Amino acid sequence: MNYYKIKNLEQYIKAYKKSVNDPEEFWGDIADKNFIWYQKWDKVLHNDMLNGDIKWFVNGKLNMTRNCLDRHLNKRGDKTAIIFEPNDPNEEAQHITYKELHKNVCKMANVLRDNGIKKGDRVCIYLPMIPELPIALLACARVGAIHSVVFAGFSANSLSSRIQDSDCKMLITSDGGYRGNKTIDLKGIADDALKSCPSIETVLVAKRIDSEIHMEEGRDKWLQPLMDDAAEDNVSEIMDAEDPLFILYTSGSTGKPKGMVHTTAGYMVFTAYTFTNVFNYKEDDIYWCTADIGWITGHSYIVYGPLLNGATTVLFEGIPSYPDFGRFWDVIDKHKVTQLYTAPTAIRALAKENLSYVESHDLSSLRVLGSVGEPINEEAWHWYNNNIGKQKCPVVDTWWQTENGGIMISPLPFITPTKPTYATLPLPGIQPVLMNSKRNEIENHHEEGSLCIKFPWPGMARTIWGNHERYMETYFSAFRGKYFSGDGALKDEVGYYRIIGRIDDVIIVSGHNLGTAPIENAINEHPAVAESAIVGYPHDIKGNGLYGYITLKETGEVRDRDNLRREINEHIANHIGPIAKLDKIQFVDALPKTRSGKIMRRILRKIAAGDFDSFGDISTLLNPESVDEIKNGRIA
Ligand code: WTA
C-alpha cells in the first residue's frame, strides 16, 4: 500500500517531474498499485479544462468502502480504525477496530437500503462528531448514495436550503450533541428545517444526549434499533469512477452556497496519496485532525484519507477549551498522538493561554504538525513549532480548498525544509501558476498574483450541483483554461509559494496592493496582540484606508490604548513599510468568526465603512454577539 510514499527530496523531484511530463502514467500507476477495482479504467484522464469537463479513470469501477475497509480486514482487522474521544474527558474513549467499523458500515448500509435509499439518492447528514457520523458517510458510499454533510453548527435555515438544493431524500441526525458544557438541540433545529423540505422521506435519529425530542410519525426513526436488526452482509454497490461520492457546500463571495460535487475514484486516489505523504504516515501512527467532518478537511483527512491508508484516526467530539485550555494537549498525551492537524485560529486561541496548560502534558509522541484553513501568521507558526513541536516536528502549512478535494501545496515532513508563512511546494500532480492582472504568467520572484492551477488533478470538484454554469463562471472564466482558486500568492526565489489570502482581501492603498495577511502577521507579532483583522474602507485621498480590528492578550496588565496604537503602527512601518500603517485601530473583545474559524471580513468591511444596513445572515456566525460590540465601538 505504501508504494506511493515519497521518502526523500530526490524522490519528490522525480515524482514531480513525472507527474508533469506524463500525468496519466503517474496517476495511473498509483491508482493501479494501491487500490482495488472491480474493473480497470479505459483511460486515465479525459481533460477538457476549457469546458470544465474533467474525468479521471474513465470507466473504472470500484467501491470506496471496499478500499477504506474490506481490504484491510485480513491484515488490520483488529487494528483500531477510529478512536472516539468524547466531549467529556470522563467518558471512556472508544476504540473501534476495522472489523467493527466494517460491520457497522455494512449494517447501516442495509438500514439505508431498507429505507428506500438507492444509488444516486442524496442523503443529508447533520450529526455531531460521534462515530455514527463517519459510519453514515461510509454507509452512503457503500450503497452509492451521495452524502451531503451539513456542519452541526449550522442553523435551520442553512440546513433546509442545503437539503432543498440537492433534493435529499433522507436526513440522518441525532437527538442532540455536546459542545463543551452546552448541549445542542440538533433534532429541534432539524424539525424546523424540515418544515420546508418536502423531499425528505425518512429521518434517522441517533441517540447521543438522551433528550426529550419530537419523533414525527411515519418519518422519524431511531437509528440504533434498526442497526441492531440490520443484516451484516456486505454487498457494496459497483460505482463508476465518476459517480458522485458527495456534495459539500462552501460559501461563495456572492449568492447561495455552492454544492461542490466530488466523484469517487479521483477523490479516493488523491486523498490517500496526499494523506500518506503530507503526514509522513506510518503504520503504528495515531493521527488526529481536529477539524469537524462537516468541513472538507474532516471528509478528506479524518475519514477518507486515513481509512484508505489503514490508519488510526482520532474522532474528537469536544472543543479546545473544555474542560480547560489544556484539552488538546491532554488528548495528545492520552492517546499518544503522532500527527496533529489543526487550524491557525485554534493555535492562536491556545497560544493566548498560559503555557502551563501545555507544559503539564507529555507531547513527546508528536512527530508532525499540520496547519490548514487560512494563512498561519509567523508568531503562531513559531509558537506551534516551539511549544508544541519542541522544534522537532516539521510544521506542514497545507494550502487547499473545498473545491480541491485534498492538499495541493504543502511541505513534505523531513523532506521539504519549512519556512514560516510559506506553504512551500506543490505536491506531485499539482501545477500551480501565478497570473497577473494582464492575464500573463508571473515569472518574477515576490510578485503577487492570482493563484491558478493549469492542469487537472484527480481530487478536483467536477461541478457545482445543479449549476455547471456557475462552476465554469467561478473557477474557469477569469483565466481561460485554468482553474482559478480565488487566492493571491507569491513565490520566493527558490519557488516556495506563500499564500497571501483571498484576492478579495487584497486592499489597494494609494495605488499599492496590500495583502491583509502580511499586515496582520506583523501586528500579531506585537507582544500585546492576540489576533487582528484588517479591512479596507473608502478614503478620500488614498482610495482605501486601512482599518484594523485587534484583540489583545489577557495579561491582566492595563495598557494605554493610544500608546499601543502608536507602537503597533511603528511595528508595521518597520516590518512592511509606512504605507501599510493603519489609519484606524479599534480594540475589540472578539472578532466575528464563522463556525470554521474564518474571520468574517465582509461584516468588518461594512462596519469600517459605516454601513450598518445589510450585514446579511449573521446567524451562522460562531459569535454573532461580537458584531454589536464592534458596531458600537466603531471609530468614525
Ligand atoms: C484558505 C479548507 C493560507 C484559502 C481546506 C483557501 C489557506 C480557503 C490555507 C479554502 C493555507 C486554506 N494558507 N490560506 N495553508 N489553507 N486557506 O474551502 O483562502 O474551507 O482559498 O478549505 O482557505 O477554505 P476551505
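How each quantity is defined
- Residues numbered from 1 in each chain as written.
- Predicted model: local features only at pLDDT ≥ 70, side-chain atom pairs only at ≥ 80, totals over all residues.
- Heavy atoms only, no water.
- Helix = DSSP H or I, 4+ residues; strand = E, 2+ residues; numbered from the N terminus.
- Rg over C-alpha atoms; globule rule 2.2 N^0.38 Å.
- Buried < 20%, exposed > 50% of the residue type's maximum accessible area, 1.4 Å probe, protein only.
- Contact = heavy atoms within 4.5 Å.
- Areas by Shrake-Rupley, 256 points an atom, 1.4 Å probe, with all protein chains shown as cover.
- Lys, Arg positive; Asp, Glu negative; His and termini not counted.
- Charge placed at Lys NZ, Arg CZ, Asp CG, Glu CD.
- Polar contact = N/O pair within 3.5 Å; in protein donor to acceptor, adjacent residues only side chain to side chain.
- Pairing = 2+ DSSP bridges.
- Axes fitted to C-alpha atoms, helices over the stretch in contact; angles between N-to-C directions.
- Phe/Tyr/Trp six-rings, centres within 6.5 Å; stacked < 30°, edge-to-face > 60°.
- Lys NZ or Arg CZ within 6 Å of the ring centre and 35° of its normal.
- Near = heavy atom within 4 Å.
- Nonpolar A, V, L, I, M, F, W, Y, C, P; charged D, E, K, R; others polar.
- Core = buried A, V, L, I, M, F, W, Y, C linked by side-chain atoms within 4.5 Å.
- Domains from an automatic or database assignment.
- Buried area = accessible area lost by both parts, 1.4 Å probe.
- Parallel < 35°, antiparallel > 145°, perpendicular 65-115°, else oblique.
- Left-handed = near helix turned anticlockwise from the far one by under 90°.

1. A closer look at the overall build of the chain
No. 1: If you tally the helices and strands in the chain, you get 20 helices and 30 strands.
No. 2: Compactness check: the chain gives a C-alpha radius of gyration of 24 Å against a globular reference of 26 Å for 636 residues, within 12% of the reference.
No. 3: A buried classification covers 62% of the 636 residues belonging to the chain.
No. 4: Partitioning the contacts of the chain with sequence separation of at least 6, the portion at a separation of at least 24 is 71%.
No. 5: With the model as given, the accessible surface of the chain reaches about 24500 Å², and the carbon-plus-sulfur share is 47%.
No. 6: In the chain, which carries 72 positive and 84 negative side-chain charges, the distance between the mean positions of the two groups comes to 4 Å.

2. Some details on the side chain of Glu-242
No. 1: Counting through the fold element by element, Glu-242 comes out in the loop between strand 13 (239-240) and strand 14 (244-250).
No. 2: Within the structure, the side chain of Glu-242 is placed 2.7 Å from the backbone nitrogen of Trp-56, a separation counted as a polar contact.
No. 3: For Glu-242, the contacting residues outside a window of four places in its chain are Ile-54, Lys-55, Trp-56, Thr-263 and Arg-462.

3. Focus: the sheet that holds strand 11 (residues 202-206)
No. 1: Overall, mixed pairing links the eight strands, which are arranged 12-11-8-6-7-14-15-23 in an open sheet. Each end of this open sheet is capped by a strand with a single partner; those strands are strand 12 (220-222) and strand 23 (463-464).
No. 2: This element, helix 8 (residues 186-194), spans strand 6 (122-126), strand 8 (170-174), strand 11 and strand 12 of the sheet and lies at about 155° to strand 8.

4. Digging into the packing of aromatic side chains
The description of an aromatic ring pair uses the distance of the two centres, along with the angle that the planes make with each other.
No. 1: In this structure the tally under the stated criterion is 39 aromatic pairs.
No. 2: Consider the rings of Phe-476 and Tyr-483, whose centres lie 6.1 Å apart with planes at 70°: the pair is edge-to-face. A single burial state applies to Phe-476 and to Tyr-483, both of which are buried.
No. 3: Feature note: the residues Tyr-4, Phe-26, Trp-27, Phe-35, Trp-37, Trp-41, Trp-56, Phe-57, Phe-270 and Tyr-273 constitute an aromatic cluster, connected by ring pairs.
No. 4: When the ring centre of Tyr-422 is taken as origin, the NZ or CZ atom of Lys-419, which lies over that ring, is 4.1 Å away.

5. Here we look at the site of the ligand
No. 1: Neighbouring the ligand are 16 residues, the closest being Asp-397, Thr-398, Gln-401, Thr-402 and Asp-487.
No. 2: Between the ligand and Asp-397, the relevant distance is 2.7 Å, taken from a nitrogen atom to a side-chain nitrogen or oxygen of the residue.
No. 3: Between the ligand and Thr-398, the relevant distance is 2.7 Å, taken from a nitrogen atom to a main-chain nitrogen or oxygen of the residue.
No. 4: Relative to its unbound accessible surface of 530 Å², the ligand loses 90% to contact with the protein.
No. 5: Its residues placed into classes, the shell around the ligand shows six nonpolar, five polar and five charged.

6. Focus: the pairing of strand 24 (residues 483-491)
No. 1: Extensive coverage of strand 24 is indicated by the burial of eight of its nine residues.
No. 2: Relative to strand 24, strand 22 (residues 449-453) is paired through four bridges, and the arrangement is antiparallel. Its bridge partner lying in strand 24, Ser-450 is registered against Gly-488.
No. 3: Where strand 24 and strand 25 (residues 497-502) come together, five bridges link them in antiparallel fashion. Residue pairing across strands places Asp-487 opposite Arg-502, the latter belonging to strand 25.
No. 4: Turn length for the strand 24-strand 25 hairpin, with the two strands adjacent in sequence and antiparallel, is five residues, and the turn residue Gly-495 shows positive phi of about 95°.

7. Side note on the nonpolar core
No. 1: Ranked by internal contacts, the top residues of the largest apolar core, which has 122 residues, are Trp-27, Phe-57, Leu-101, Ile-125 and Tyr-304.
No. 2: Other than its neighbours up to four places away in sequence, Ile-125 contacts Leu-133, Ala-136, Leu-137, Cys-140, His-147, Ser-148, Val-149, Val-150 and Ile-172.
No. 3: Residues Trp-329, Ile-347, Leu-366 and Leu-369 belong to the second largest nonpolar core, which totals 26 residues.

8. Here we look at the side chain of Lys-169
No. 1: Locating Lys-169 in the fold gives a position in the loop between helix 7 (156-165) and strand 8.
No. 2: Among the polar contacts made by the side chain of Lys-169, one reaches the side chain of Asp-121 at a distance of 3.2 Å.
No. 3: Not counting residues within four places of it along the chain, the set of residues in contact with Lys-169 comprises Gly-116, Ile-117, Lys-118, Asp-121, Arg-122, Ser-199, Ile-200, Glu-201 and Thr-202.

9. Concerning the domain arrangement of the chain
No. 1: Under the domain assignment, the chain is made up of domain 1 (9-319 + 398-489) and domain 2 (510-632).
No. 2: A C-alpha centroid distance of 33 Å is found between domain 1 and domain 2.
No. 3: At the junction of the two partners, domain 1 supplies nine residues and domain 2 supplies seven residues.
No. 4: Carbon and sulfur atoms make up 55% of the surface buried where domain 1 meets domain 2, a total of about 630 Å² over both sides.
No. 5: Of all residues in domain 1, Gly-153, Trp-295 and Glu-448 bury the most surface against domain 2, accounting for 42% of the area lost on that side.
No. 6: Across the contact surface, domain 1 and domain 2 share one residue pair in polar contact (both at pLDDT 80 or more).
No. 7: Among the residues making up the side of domain 1 that touches domain 2, the classes are represented as three nonpolar, five polar and one charged.

10. Quick notes on the pairing of strand 1 (residues 43-48)
No. 1: When strand 1 meets strand 2 (residues 53-58), the two strands line up antiparallel, connected through five bridges. Note that in strand 2 the partner of Leu-45 across the bridge is Trp-56.
No. 2: Here strand 1 folds back onto strand 2, and the loop between the two strands holds four residues, one of which, Gly-52, carries a positive phi near 60°.

11. A short note on the sheet that holds strand 24
No. 1: Spatially, the four strands line up as an open sheet ordered 21-22-24-25, and their pairing is antiparallel. The sheet is open, and its two borders are formed by strand 21 (432-435) and strand 25, each paired with just one other strand. Strand-to-strand twist of the sheet, defined as the mean angle between neighbouring strand axes without regard to direction, takes the value 45°.
No. 2: Where strand 21 and strand 22 come together, four bridges link them in antiparallel fashion. Pairing of Val-433 across the sheet is with Cys-452, part of strand 22.

12. Notes on the packing of helix 2 (residues 23-34) against helix 10 (residues 264-278)
Working note: a packed helix pair is described by the angle between its axes plus the distance between those axes.
No. 1: For the pair helix 2 and helix 10, the least separation of the axes is 10 Å and the interaxial angle reads 85°. Classified by the angle their axes make, helix 2 and helix 10 are roughly perpendicular. Across the interface between the two elements, Phe-26, Trp-27, Ile-30 and Ala-31 from helix 2 touch Val-269, Phe-270 and Tyr-273 from helix 10.
No. 2: Residues that form the contact of helix 2 with helix 10 fall into these classes: seven nonpolar, no polar and no charged.

13. Remarks on the packing of helix 19 (residues 601-608) against helix 20 (residues 625-632)
No. 1: The interhelical angle for the contact between helix 19 and helix 20, taken along N-to-C directions, is 25°, at an axis separation of 10 Å. Between helix 19 and helix 20, the angle falls in the class roughly parallel. Once helix 19 is placed against helix 20, the crossing between them reads as right-handed. In this structure, helix 19 contributes Ile-603, Leu-604 and Ile-607 to the contact, and helix 20 contributes Val-627, Ile-630 and Lys-631.
No. 2: A breakdown of the residues in the contact of helix 19 with helix 20 according to their chemical character gives five nonpolar, no polar and one charged.

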